[in-house]
Amino acid sequence: MNGTQEPINGMEVVWEKPSTLTETRMHYCPGCGHGVVHKVLMDVIEEMGIQDKTIGVAPVGCSVIAYNYMNIDMQEAAHGRATAVATGVKRVLPDKIVFTYQGDGDLAAIGTAETMHACNRGENFLIVFINNGIYGMTGGQMAPTSIVGMKTSTTPEGREVHTQGHPFKITEIIAMLPGTYYVTRHSVHTPTTVRHFKKAVEKAFKYQQEKKGTCLIEVVSNCPSGWKMTPLQSNKWIEEKMFPFYPPGDLKVDGKLVEKKPIPPAATTEIKESK
Amino acid sequence: MSEVLLMEGNEAAAEAAILAGCDAYFGYPITPQSEVIEYLADQGRKRGMVVMQVESEVAAINMVYGAAGAGARVMTSSSSPGISLMQEGLSYIACAELPCLLININRGGPGLGTIQPSQGDYFQSVKGGGHGDYHLIVLAPASVQEMADYVYLGFDLADKYRNPVLILADGALGQMMEKVIFPDYDPKQRKISKPWATTGKTANRPPNVITSLHLQSEDMEKINIHLQEKYRQIEKNEVRYELISTDDAEYLLVAYGLSARICQRVIEIARQQGIKVGLLRPISLYPYPYEMVSKLADQVRGILVVEMNAGQMVEDVRLGVNGKIPVDFYGRMGGIIPTPEDTLTSLKKLMNKTQPKKSSEKLIKEKV
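Residues numbered from 1 in each chain as written. Chains lettered and ligands numbered in written order. Predicted model: local features only at pLDDT ≥ 70, side-chain atom pairs only at ≥ 80, totals over all residues. Heavy atoms only, no water.

### Here's the deal with the overall build of chain A
A tally of regular secondary structure across chain A gives nine helices and 10 strands. Over its C-alpha trace chain A gives a radius of gyration of 18 Å, about what one expects of a compact globule, namely 19 Å for 275 residues. Judged by the C-alpha coordinates and their principal axes, chain A covers about 60 × 50 × 35 Å. The burial tally for chain A puts 53% of its 275 residues in the buried class. In chain A, the share of contacts with a sequence separation of at least 24, taken over all contacts with a separation of at least 6, comes to 66%. Total accessible area computed for chain A in this model is approximately 12000 Å², and 56% of it derives from carbon and sulfur atoms. Chain A carries 29 positive and 28 negative side-chain charges, and their two centres are separated by 4 Å. (Helix = DSSP H or I, 4+ residues; strand = E, 2+ residues; numbered from the N terminus. Rg over C-alpha atoms; globule rule 2.2 N^0.38 Å. Buried < 20%, exposed > 50% of the residue type's maximum accessible area, 1.4 Å probe, protein only. Contact = heavy atoms within 4.5 Å. Areas by Shrake-Rupley, 256 points an atom, 1.4 Å probe, with all protein chains shown as cover. Lys, Arg positive; Asp, Glu negative; His and termini not counted. Charge placed at Lys NZ, Arg CZ, Asp CG, Glu CD.)

### Digging into the overall build of chain B
Secondary structure summary: chain B contains 15 helices and 15 strands in total. In terms of overall size, chain B behaves like a compact globule, its C-alpha atoms giving a radius of gyration of 22 Å where 368 residues would be expected to give roughly 21 Å. In terms of overall dimensions, chain B has a C-alpha envelope of 90 × 50 × 40 Å along the principal axes. Here the contacts in chain B between residues at least 6 apart in sequence split such that 80% fall between residues at least 24 apart. Summed over its atoms, the accessible surface of chain B is roughly 15100 Å², and 52% of this surface lies on carbon and sulfur atoms. Within chain B, one finds 38 positive and 43 negative side-chain charges whose respective centroids are separated by 5 Å.

### As for the environment of Asn-131 of chain A
All names here are of chain A. Tracing the chain through its elements places Asn-131 in strand β4 (residues 126–131). Asn-131 sits in the buried class, given a relative accessible area of 0%. Along the chain, Asn-131 and Gln-102 lie 29 residues apart, while their C-alpha atoms are 8.7 Å from each other. Setting aside residues up to four positions removed in sequence, Asn-131 forms contacts with Asp-104, Thr-145, Glu-218, Val-219, Val-220, Ser-221, Met-242 and Tyr-246. Polar side-chain contacts of Asn-131 include one of 2.8 Å to the side chain of Thr-145. (Polar contact = N/O pair within 3.5 Å; in protein donor to acceptor, adjacent residues only side chain to side chain.)

### Regarding the domain arrangement of chain B
Residue and element names in this part refer to chain B. When the domains of chain B are assigned, the result is domain 1 (4–198 + 209–237) and domain 2 (242–356). For domain 1 versus domain 2, the distance between C-alpha centres works out to 28 Å. With 32 residues of domain 1 at the contact, the number on the domain 2 side is 27 residues. For the domain 1 and domain 2 pair, buried surface summed over both sides reaches about 2200 Å², with 55% attributable to carbon and sulfur atoms. Considering only the side of domain 1, the residues that lose the most area to domain 2 are Gln-119, Tyr-122 and Phe-123, jointly responsible for 32% of the buried surface there. Scanning the region where domain 1 abuts domain 2 turns up three salt bridges. The partner of Arg-281 in a salt bridge is Glu-146, with the nearest N and O atoms 2.7 Å apart. Here domain 1 is connected to domain 2 by 18 residue pairs in polar contact (both at pLDDT 80 or more). (Domains from an automatic or database assignment. Buried area = accessible area lost by both parts, 1.4 Å probe. Salt bridge = Lys/Arg side-chain N within 4 Å of Asp/Glu carboxyl O.)

### Some thoughts on the packing of aromatic side chains
According to the stated counting rule, one finds 11 aromatic pairs over all chains in the structure shown. Joined through ring pairs, the aromatic side chains of Tyr-181, Tyr-182 and Tyr-207 of chain A make up one cluster. When the ring centre of Phe-245 of chain A is taken as origin, the NZ or CZ atom of Lys-169 of chain A, which lies over that ring, is 4.4 Å away. Its end group placed over the ring of Trp-196 of chain B, Arg-162 of chain B keeps NZ or CZ at 4.0 Å from the ring centre. (Phe/Tyr/Trp six-rings, centres within 6.5 Å; stacked < 30°, edge-to-face > 60°. Lys NZ or Arg CZ within 6 Å of the ring centre and 35° of its normal.)

### Focus: the packing of helix α11 (residues 257–272) of chain B against helix α14 (residues 340–354) of chain B
All names here are of chain B. Closest axis-to-axis distance for the α11/α14 pair is 9 Å, and the angle between their directions is 65 degrees. As summarised for this structure, α11 and α14 are arranged roughly perpendicular, according to the angle between their axes. Note that α11 runs across α14; the crossing there is right-handed. Touching Ile-262, Arg-265, Val-266, Ile-269 and Ala-270 of α11 are Pro-340, Glu-341, Thr-343 and Leu-344, all from α14. Grouping the amino acids of the contact of α11 with α14 by side-chain chemistry returns six nonpolar, one polar and two charged. (Axes fitted to C-alpha atoms, helices over the stretch in contact; angles between N-to-C directions. Parallel < 35°, antiparallel > 145°, perpendicular 65-115°, else oblique. Left-handed = near helix turned anticlockwise from the far one by under 90°. Nonpolar A, V, L, I, M, F, W, Y, C, P; charged D, E, K, R; others polar.)

### Examining helix α9 (residues 231–245) of chain A
Its 15 residues place the ends of α9 of chain A 20 Å apart at the C-alpha level, agreeing with the 21 Å of an ideal helix rising 1.5 Å per residue. A maximum bend of about 35 degrees is found in α9 of chain A at Ile-238 of chain A. (Expected span 1.5 Å × (residues − 1). Bend = angle between axes of the 7 residues up to and from the residue.)

### Digging into empty space enclosed by the protein
Residue and element names in this part refer to chain B. All told, the structure shown has one cavity of 30 Å³ or more when counted by the stated rule. Considering only enclosed or pocket space, the largest cavity measures out at about 30 Å³ in volume. Element by element, the count of residues in the lining of the largest cavity is highest for strand β7 (residues 164–170), at three residues. The class makeup of the residues in the lining of the largest cavity is four nonpolar, four polar and one charged. (1 Å grid on protein atoms, 1.4 Å probe; cavity = no way out; pocket = protein on both sides within 12 Å on 5 of 7 lines; lining within 4 Å. Points joined across faces, edges and corners; volume = space filled by probe spheres on them.)

### Structural notes on the interface of chain A and chain B
Facing 33 residues of chain A, the contacting portion of chain B comprises 33 residues. Taken together, the two surfaces of chain A and chain B that pack against each other cover about 2500 Å², and 61% of this comes from carbon and sulfur. Counting the surface chain A buries against chain B, the share from its top three residues, Asp-73, Gln-75 and Glu-76 of chain A, is 23%. For the interface between chain A and chain B, the tally reads three salt bridges. Residue Asp-73 of chain A pairs with Arg-205 of chain B through a salt bridge whose shortest N-O separation is 2.7 Å. The tally of links from chain A across to chain B stands at 15 residue pairs in polar contact (both at pLDDT 80 or more). Among the secondary structure elements, those contributing two or more residues to the side of chain A that touches chain B are β1 (54–59), β2 (73–77), α2 (82–92) and α4 (112–121) of chain A. Top element by residues in the side of chain A that touches chain B is α2 of chain A. It accounts for seven residues.

### Focus on the pattern of salt bridges
This structure, assessed with the given rule, holds 32 salt bridges over all chains. Of the charged contacts, one joins Glu-210 of chain A and Lys-206 of chain A as a salt bridge, the two residues approaching to 3.6 Å between their closest N and O atoms. A residue is classified by how much of its surface remains accessible, and Lys-206 of chain A, at 39% relative accessible area, is partly exposed. Among the ionic contacts, a cluster of salt bridges with common partners joins Arg-73, Asp-156, Asp-159, Arg-190 and Lys-194 of chain B.

As structure tokens, this is what we get:
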């Protein structure tokens, strides 16, 4: 119980934020997925009772000051080096729970080598990979995962393959590495997908306790500010534009590649633009 | 352990790290220091250390960051090009105040350069190297014995000041074999508690955060001021140097590391020829013994700085001398080690400039 306020007479507390989240007001833009992902992670850590043994690593990106919101021990890492820092932590504290919280630029551009090698070594930690196809922190530039045609401040005419290359499906590559145990793609843009994501986080922490190897959860997320959309438009854009290229679903379960075409964990929830 | 052993510098440093209770090593092979990781991969692992050969020096230094932040006694080693790759991480480590030890077995540069010994990384080591206002504590061994000794000292200083420590040696010190005695050192007694480390937040304390990010200018300046105050303390407490034959010296050699070994031979030859020359050997390159340089400048007629580079430490000597007497430089580059004979020739050139001062004045007067 974290209650900052006594309930008003006659009312009862039916929900409150977990004690693993601090009182600090988040700086994320309205509609951004980061806040939801933070809450789910911290919910799971509280429910599993592992606050006292969890160490988070947040590198450069919009979530670089995640340690202001997550009420756990954390290390801020240089851009791209989250999995190297996490390797250092986990190798000297093998019985602790370690996770990284990385954006697409960090994990799939500047930190590709660190990411691939940590996964290939089977580092026994969880990688949470927020893929919103854009560099939010620096003001909306192209990310390695920006889809073809996507307009960003550095691709004003839309991403074009000849110049900027293909969107990087790094999660598919990571799933093929023998060091990974559980690789899955989720989203947090509807209540249903949030619940599915939470289950994936629970599984990943459990696998880490069982020392199974690297787990990676990609969250296909939004960036209303960078995408220049309303939150609802951005959620719709996730389904219409991101999912066809980054289909939700498990890519690797119990150390085995999922053979069949990934099935979205959530049927799409109807999104209506409110006036 | 008081046994006298014959060991290579790299291996002596590695053995000292194990004996100093180093918990973890992360590194990437590079000549001429690969024996450090090779020795640790065998002996270190057998004796309980985490020893990892990883994908790059960039990854290695960030693993050092993570492990140091988690409270471990941790180190890495490399040679010049690899140390360049670590500069970003070192800047973060310095700001986050993480204790750790680095060894640079300096080779000739710039670029891929040569695998032969050099002191060309002096500027990088003592003036910062990475971005922002920070200092490493830099120790310069001149023997295999000191390659071992400064590992213990380095870990202790790193913990004491929460600051990265760099041992700056060169390819010759790393590769040559000499006798070494490992001192009695009980890591259990020497390791200090690290209540700031990220080991998991317990109910009785707020979360521990390791970070170098301070977005508000006022906050960042506070961190800068704190770091600078720490550096002033280090400058006050940790200046180390050795004086050889300086008591009656009329001329002074200033050299560190392998160059200082050569200068000891220069002193022997010069003194046989009646030249009263001594040696100041800085051991801590940061903090630098400016005061001793200044003091000796009041005593001697001229100073010759000897380095295996194009003239880097000579700038610090000139800062210490502050124009009082002539300061000459003799150095070789590209992995070439200066010979005592050539060094002596340079010393004599300096003497010609300074010694006959009085007699030449007389000469002029006589002519008049």
